[in-house]
Amino acid sequence: MDDTKAQIDRLVEQLNHHNYLYHVLDAPEISDEQYDSMFRLLLKYEKQYGYTPPNSPSLRVGAPPLDKFDKAVHSFPMLSLDDIFFIDDVDEFDRRVKKLLQADYVAYTAEPKYDGLAVALTYENGHLTRAATRGDGTTGEDVTQNVRTIKTVPLSIIDMGTGDDIPELIEIRGEIYMAKADFEELNIQRELNSLPLFANPRNAAAGSIRQLDPAVTAERKLRITCYGAGIIKGLTLYSQTELVHWLKKHLFPTPYRFQPAKDIYEAIDYIKDVEIARAALPFNIDGVVVKVDDFTLRQRLGDKTRSPRWAVAYKYQAHQAQTRILNIVPSIGRTGVITPVAILEPVSVGGVTVSRSTLHNWDEIRRKDIHTGDTVVIERAGDVIPHIMWVVEHDAASVTQVVEPLVCPECGSRAVREDGGTVLRCVGLNCPPQLQGRIIHFASRAALNIDGLGEKIAVTLFESGLVKDFTDIFRLTKEDLEKLPRFAEKSAVNLIQAIEKSKTTTLARFIFALGVRHSGEFASRLIAQHYETIEALYGVKADALSLIKQMGDKTSSAISEFFADARNIETIETLKTLGVTITNPDFSTAENKDTGTKDSGRRLAGLTFVITGTLPVSRKDVEGQIRGAGGAVSASVSKQTTCLIAGESPGSKLDKARALGVRTVSYDEYMVIFGPFSE
Ligand code: IVH
């Protein structure tokens, strides 16, 4: 047992070391696969011997969800900072400090002001025992389980060989944040899954920490930087510089470019340097925090109610400039949203040359009354992408009205106003900018389940140019794959086999795999229960789909828009010629049985109609149309009836339909909703 215990300890130590190299230093020394094998071995040993060290990486996952967060009272209040906006105010801060201290020289530190949320991490005898949010400054929420999942938060403070510096108690304070790239990726994934988007990385970080289920937090790529301390017992630190060195030595991430400044001028230089570097940083900062370095001096200065006297936050100005709009062109993003982009006369804003600006949507152009040729004020706020703030001047000579595109500029598929709102989106399955995301989804487990075609391989296939189009997946050969860097003969054979296997699939999976907006696994299954074949969906109307019980309106219109696009149908037809075979075991309910009549659209498959009263045309003809389009006609109204067509002088069927909540339409409405019947 002792041997095994030592082995577990060693594994934990090695894994933590590699974790640090990977996540903090960005310099891994072993492959992900090697890491995973070691991790699996650790899990096995820990389970087998019932021993889990307190700093084991296995503790970062797996805690059960909570009902609510406990309250957490802070050792000292977590204060806020006074904001200042001008360099003169930095000077003023320095004068005030010196005056209060009656000192001629005061040393400071400068560090970025991270745009995230503050947390306090309590370590007792070196082990992380509590992590709390700031809350109202006095009392926050206990988010220990969630903070544990953040890979760069040390679970234990390790003795780095000096033997004496693990404090009995230390509360470390820092900021949890999300990198810009991780935020964008998260929103792309949310968009693909029809989840509401986060407005900015700070909201994403805060939302992720306030998750009751730690498994959700574990999936979000959160980071931390540590810049302060609350209560400390068993260790004396004399300054911010010492604190940051101590934190660094014990493997805590610390502020990027942390800098001691011997006087306020060095701090001001730092503010200017970081302002230039700011746009290119991988995370958002909204300023620089200047702090008195020496802790004894801090104590003499003391605090005001909300903020300390020994620190200030210099906030960067939003950058603005004037320029002219040369053109407005549609631009399409990875999730298919088509946004108007203004091409600008190049202008320098805060040291960066700007020549493009996104206008968020097509309504904004109208609202802000923006035209080509206008002179506008643009602003670069916290991020790199500049925004058009307002129009300064319309140039009467060259002003042109901007026209919203009807088709996607990249692939020519239909551009659709989503849910009748402001977002314009391309519905094209084969649209190049969307392709990578679509294929990753298409191959995923709940979709076509192509084993081995994950994100990394999808990217490789794109970058190599082997997959330029949706259908290319099914054209891949073993020889193609073997030429790629990641592939040995065996993995090439495996992927080809997996692709081959995925060709036989069900309609529910196939619909889900298409990645239509608002169409998750449940909706896809519902559709498959009511439409026997994929062809039955070609040209399907939203109104017909929304008659399916439990089907949402958004899904109905998204599916209908998707199948109204000729290019999408062409892509699906090509997939079929490449061997994709779609069966439909879900289509089984009695009223869905084929009526035996032929209709290429089969638009009404699964729908049951009842007719009452006198129609303007022969009832027989209408019955024929319905059956011809795959629908069923029944003599009496029941809960199973999807729709009652009521002509003049309707009988008791109308009352019954009303009583059962069955939808009733006139003949004309029926024609509009379910027609045309001429194909
Ligand atoms: S020092 C009393 N340092 O800014 C000292 N705060 O406006 C307060 N923040 O609640 C903290 N980066 O969430 C400090 N390098 C940094 C910071 C930082 C971001 C946040 C923190 C704090 C808020 C105060």
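Residues numbered from 1 in each chain as written. Predicted model: local features only at pLDDT ≥ 70, side-chain atom pairs only at ≥ 80, totals over all residues. Heavy atoms only, no water.

Turning our attention to the environment of Ile 332. In this structure, Ile 332 sits in strand E12 (residues 319-332). Since its relative accessible area comes to 11%, Ile 332 is described here as buried. For the pair formed by Ile 332 and Phe 462, sequence separation is 130 residues and the distance between their alpha carbons is 18 Å. Among residues more than four places away in sequence, those in contact with Ile 332 are Val 337, Ile 338, Cys 408, Pro 409, Glu 410, Cys 426, Cys 431, Pro 433 and Gln 434. (Helix = DSSP H or I, 4+ residues; strand = E, 2+ residues; numbered from the N terminus. Buried < 20%, exposed > 50% of the residue type's maximum accessible area, 1.4 Å probe, protein only. Contact = heavy atoms within 4.5 Å.)

Strand order in the open sheet formed by four strands is E5-E4-E7-E8, and the pairing between neighbours is antiparallel. At either margin of the open sheet sits one strand with a lone partner, and together these are strand E5 (127-133) and strand E8 (222-233). Taking the axes of each pair of neighbouring strands and ignoring which way they run, one obtains an average angle of 25 degrees across the sheet. Both strand E4 (residues 117-124) and E5 contribute to a ladder of six bridges, which runs antiparallel. Bridging across to E5, Tyr 123 finds its partner in Leu 128. Helix H6 (residues 201-209) contacts E4, E5, strand E7 (169-178) and E8 of the sheet and is inclined by roughly 130 degrees relative to E7. (Pairing = 2+ DSSP bridges. Axes fitted to C-alpha atoms, helices over the stretch in contact; angles between N-to-C directions.)

Around the ligand sit 14 residues, and of these Glu 111, Tyr 114, Glu 175, Tyr 227 and Lys 291 come closest. Taking Leu 81, its main chain carries an N or O atom lying 3.4 Å from an oxygen atom of the ligand. Alone, the ligand offers 520 Å² of accessible surface; in the complex the protein occludes 87% of this. The set of elements that each furnish at least two residues to the shell around the ligand consists of strand E3 (108-114) and strand E10 (285-292). If one sorts the elements of the shell around the ligand by residue count, E3 sits on top with four residues. Within the shell around the ligand, the residues separate by chemical class into eight nonpolar, one polar and five charged. (Near = heavy atom within 4 Å. Polar contact = N/O pair within 3.5 Å; in protein donor to acceptor, adjacent residues only side chain to side chain. Areas by Shrake-Rupley, 256 points an atom, 1.4 Å probe, with all protein chains shown as cover. Nonpolar A, V, L, I, M, F, W, Y, C, P; charged D, E, K, R; others polar.)

What follows concerns the confidence of the model for the protein. Considering every residue of the protein, the mean pLDDT works out to 88; 94% of them sit at 70 or more. Low confidence marks residues 589-600, where pLDDT is under 50. Its contacts with residues over four positions away, or in another chain, come to 23 contacts. (pLDDT = per-residue confidence, 0-100.)

This next bit is on the pattern of salt bridges. Tallied over the full model, the rule gives 28 salt bridges. Here Asp 9 makes a salt bridge to Lys 5, at a shortest N to O gap of 3.8 Å. In this pair, Asp 9 and Lys 5 are both assigned in helix H1 (residues 2-23), four residues apart and thus about one turn of the helix distant. Measuring nitrogen to oxygen at the nearest pair gives 2.7 Å for the salt bridge that ties Arg 417 to Glu 404. Linking Arg 417 in strand E17 (residues 415-417) with Glu 404 in the loop between strand E16 (387-393) and E17, this pair joins segments that are 13 residues apart in sequence. (Salt bridge = Lys/Arg side-chain N within 4 Å of Asp/Glu carboxyl O.)

So, about the side chain of Thr 152. Relative to the elements of secondary structure, Thr 152 occurs in the loop between helix H4 (144-148) and E7. With near-sequence residues (within four places) excluded, Thr 152 lies in contact with His 23, Val 24, Arg 223, Ile 224 and Pro 253.

Overall, parallel pairing links the four strands, which are arranged E22-E21-E23-E24 in an open sheet. The strands lining the two open edges of the sheet, one partner per strand, are strand E22 (632-633) and strand E24 (664-665). For strand E21 (residues 608-612) and E22, the ladder comprises two bridges, and the chain directions are parallel. Counted as the bridge partner of Thr 608 is Ala 632 from E22.

In this section: the pairing of E7. Counting buried positions over the ten residues of E7 gives ten, a clear majority of the element. Covered by surrounding structure in E7 are Leu 169, Glu 171, Arg 173, Glu 175 and Tyr 177 together with Ile 170, Ile 172, Gly 174, Ile 176 and Met 178, the residues of both alternating faces. With eight bridges joining them, E4 and E7 adopt antiparallel strand pairing. Opposite Ala 120, over in E7, you have Arg 173 as the bridge partner. Note that E7 and E8 share nine bridges and pair antiparallel. Looking at E8, one finds that Ile 172 is bridged to Ala 229.

Its location among the elements puts Ser 519 in the loop between helix H16 (507-513) and helix H17 (521-530). Residue class for Ser 519 comes out buried when judged on its relative accessible area of 6%. Setting aside residues no more than four positions away along its own chain, Ser 519 makes contact with Phe 512, Ser 524, Thr 555 and Ile 559.

The residue Gln 102 is not glycine, and still its phi comes out positive at about 50 degrees. Mapped onto the elements, Gln 102 comes out in the loop between helix H3 (87-101) and E3. Not every positive phi belongs to a glycine, and Asn 125 is a case in point at roughly 45 degrees. Mapping Asn 125 onto the fold places it in the loop between E4 and E5.

The next point concerns the nonpolar core. In this structure, Leu 453 and Phe 674 are the most contacted members of the largest nonpolar core, which totals 72 residues. Considering each element in turn, this core owes the most residues, six residues, to H16. Those residues in contact with Leu 453 that lie beyond four places of it in its chain are Ile 439, Ala 443, Ala 458, Leu 461, Ile 473 and Leu 495. Leu 128, Ala 131, Ala 205 and Leu 237 belong to the second-largest nonpolar core, a separate cluster that totals 32 residues. (Core = buried A, V, L, I, M, F, W, Y, C linked by side-chain atoms within 4.5 Å.)

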